[in-house]
Amino acid sequence: MEAAVTFQGVSKKFKDFAVEDLTFTIPKGYVTGFIGANGAGKSTTIKLLLQLIDQDQGTIQVLDMDYSKHELDIKERIGFVFDENVFYEDLTVQQMKRFIAKSYKQWDEALFQEYVIKFNLPLKRKIKKLSKGMKMKTALAFALSHHADLLIMDEPTSGLDPVMRRDLLDMFQEIMQDEEKTIFFSTHITTDLERIADFILFMDEGKLLLDCPLHEINEQYGLVKGANELLDNDTKKEFVSIRQSKLGFEALTKDVERAKELFGDEVIIENVGLEEMMYFFKKGVSA
């Protein structure tokens with residue numbers, strides 16, 4: 001599978017935090033979801049990917065190019081949509097467009113005008129007067145109108161109402177009909193990723209804990225529920241982490257078939273969502 005992005009042994013240390021030995025790929029032509037609690041290192045990783053900060057060690061390849069030799073070429077082919085506004089708020093959408101268009105050799109004015117109509121963008125309105133959802137649509141139009149191959153989205157649906165979130169997710173799915181484009185989607189709203197993601201990266205305290213296709217999580221991981229009497233020193237080792245109460249236990253397994261083999265009909269095994277998986281992974285790591 002061809003990679004859009006490759007991190008190999010990437011680390012970055014700060015005074016009170018570090019991301020350590022990040023090794024992963026973002027497959028070309030797919031949506032990769034990036035999850036983790038606040039402070040996990042997601043924003044730092046995205047800044048490294050965008051070369052807004054330099055790594056202390058390791059290598060980063062983007063679209064088969066190295067930043068040290070091809071920084072301008074890489075950034076020409078990247079589009080970004082961030083939760084926080086990164087545009088000049090006192091400019092109108094039209095004025096901001098003129099500023100951005102000059103930065104890209106591949107700017108396609110006809111394509112931008114298509115998105116103006118599609119998203120109903122108010123060209124004469126100042127950016128600071130736009131709703132959050134309209135700011136997201138504006139950022140997406142800017143990102144797509146220079147034919148970006150890699151779209152990096154940092155919490156793009158955060159703070160939006162359910163209808164606007166659904167509209168944006170539908171737009172992302174339309175974008176992915178072009179199998180040449182790649183989306184890297186950081187969010188804490190795991191249900192969004194369960195709708196559109198193909199792969200999941202899960203980060204905690206600066207380290208990558210999980211890197212796999214979403215369908216493998218659905219097939220291999222499960223939430224096992226049963227009586228406390230079923231747990232002993234050996235069976236406990238079968239789980240990522242366990243939550244116990246007087247009523248019994250809940251535990252995350254990485255191997256549903258193994259759990260069925262061990263416990264049979266004495267337990268209930270349920271599908272596990274990304275949010276629950278994050279909880280149990282973090283509980284296991286911090287225990």
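Use the structure listed above.
So, on to the overall build of the protein. Counting its secondary structure elements, the protein contains 11 helices and 14 strands. Counting only C-alpha atoms, the protein reaches 70 × 40 × 35 Å along its principal axes. Taking all 287 residues of the protein together, the buried fraction comes to 51%. Of the contacts made within the protein by residues no fewer than 6 positions apart, 69% connect residues no fewer than 24 positions apart. The average position of the 37 basic charges and that of the 49 acidic charges among the side chains of the protein differ by 8 Å.

For the coordinates displayed, the defined rule picks out 18 salt bridges. Linking R165 and D192 is a salt bridge whose minimum nitrogen-to-oxygen distance equals 2.6 Å. Of this pair, R165 sits in helix α6 (residues 162-175) while D192 sits in helix α7 (residues 190-196), placing them 27 residues apart in sequence. On the accessibility criterion, R165 (19% relative accessible area) is buried. A salt bridge links E238 to R258, with the nearest nitrogen and oxygen atoms 3.1 Å apart. Residue E238 is found in the loop between α9 (233-236) and β12 (239-245), and its partner R258 is found in helix α10 (residues 256-263); the two are separated by 20 residues along the sequence. Looking at R258, the relative accessible area reads 31%, which means it is partly exposed. In this structure, a network of salt bridges that share partners links the residues K225, R243, E250 and E270.

For T182, the location among the structural elements is in strand β8 (residues 182-186). Judged by relative accessible area, T182 falls into the buried class, the value being 1%. Other than its neighbours up to four places away in sequence, T182 contacts A4, I26, P27, K28, G29, Y30, D149, L150, L151 and M176.

The next subject is the packing of helix α4 (residues 109-119) against helix α5 (residues 132-144). Close contact between α4 and α5 brings their axes to 9 Å; oriented N to C, the two are set at 160 degrees. If you check the angle between α4 and α5, you find them roughly antiparallel. As for how α4 packs across α5, the hand of that crossing is right-handed. Within the contact between the two elements, α4 uses L111, F112, Y115 and F119 and α5 uses M134, K137, L140, A141, F142 and L144.

The strand order across the open sheet built from 6 strands is β6-β7-β8-β3-β9-β10, with neighbouring strands paired in mixed fashion. Edge strands, defined here as strands with exactly one partner in the open sheet, are β6 (78-82) and β10 (207-213). Taking the axes of each pair of neighbouring strands and ignoring which way they run, one obtains an average angle of 15 degrees across the sheet. The pairing of strand β3 (residues 31-35) with β8 spans 4 bridges and is classified as parallel. Pairing of V31 across the sheet is with I183, part of β8. Each of β6 and β7 (150-154) touches α5; the most contacted strand, β6, lies at about 175 degrees to it.

Reading the values: the criteria
- Numbers given for residues are sequential positions, taken from 1 along each chain in its written order.
- In view of the model being predicted, local features appear only for residues whose pLDDT reaches at least 70, and side-chain atom pairs are presented and counted only at 80 or more, with totals across whole chains, interfaces and linings using the full set of residues.
- Where side-chain values are given, they derive from all heavy atoms of the structure, hydrogens and water being excluded.
- In this description a helix means any DSSP run of H or I spanning at least four residues, a strand means any run of E spanning at least two, and both kinds are numbered starting from the N terminus.
- Burial status follows relative accessibility: with a 1.4 Å probe on protein chains alone, a residue under 20% of its type maximum counts as buried, one over 50% as exposed, and anything between as partly exposed.
- Contact definition: two residues touch when any of their heavy atoms are within 4.5 Å.
- We count Lys and Arg on the positive side and Asp and Glu on the negative side, and we leave His and both chain ends out.
- Each charge is placed at NZ for Lys, CZ for Arg, CG for Asp and CD for Glu.
- Any Lys or Arg side-chain nitrogen located within 4 Å of an Asp or Glu carboxyl oxygen qualifies as a salt bridge.
- Note on definitions: angles span 0 to 180 degrees between N-to-C directions of axes, and those axes are lines fitted to C-alpha atoms, for helices only across the stretch in contact.
- Note on angle classes: values under 35 degrees are labelled roughly parallel, values over 145 roughly antiparallel, values of 65 to 115 roughly perpendicular, and the remainder oblique.
- Note on convention: the crossing is left-handed when the near helix lies turned anticlockwise from the far helix by less than a right angle, right-handed when the turn is clockwise.
- Only strands that DSSP links by at least two bridges are regarded as paired with each other.

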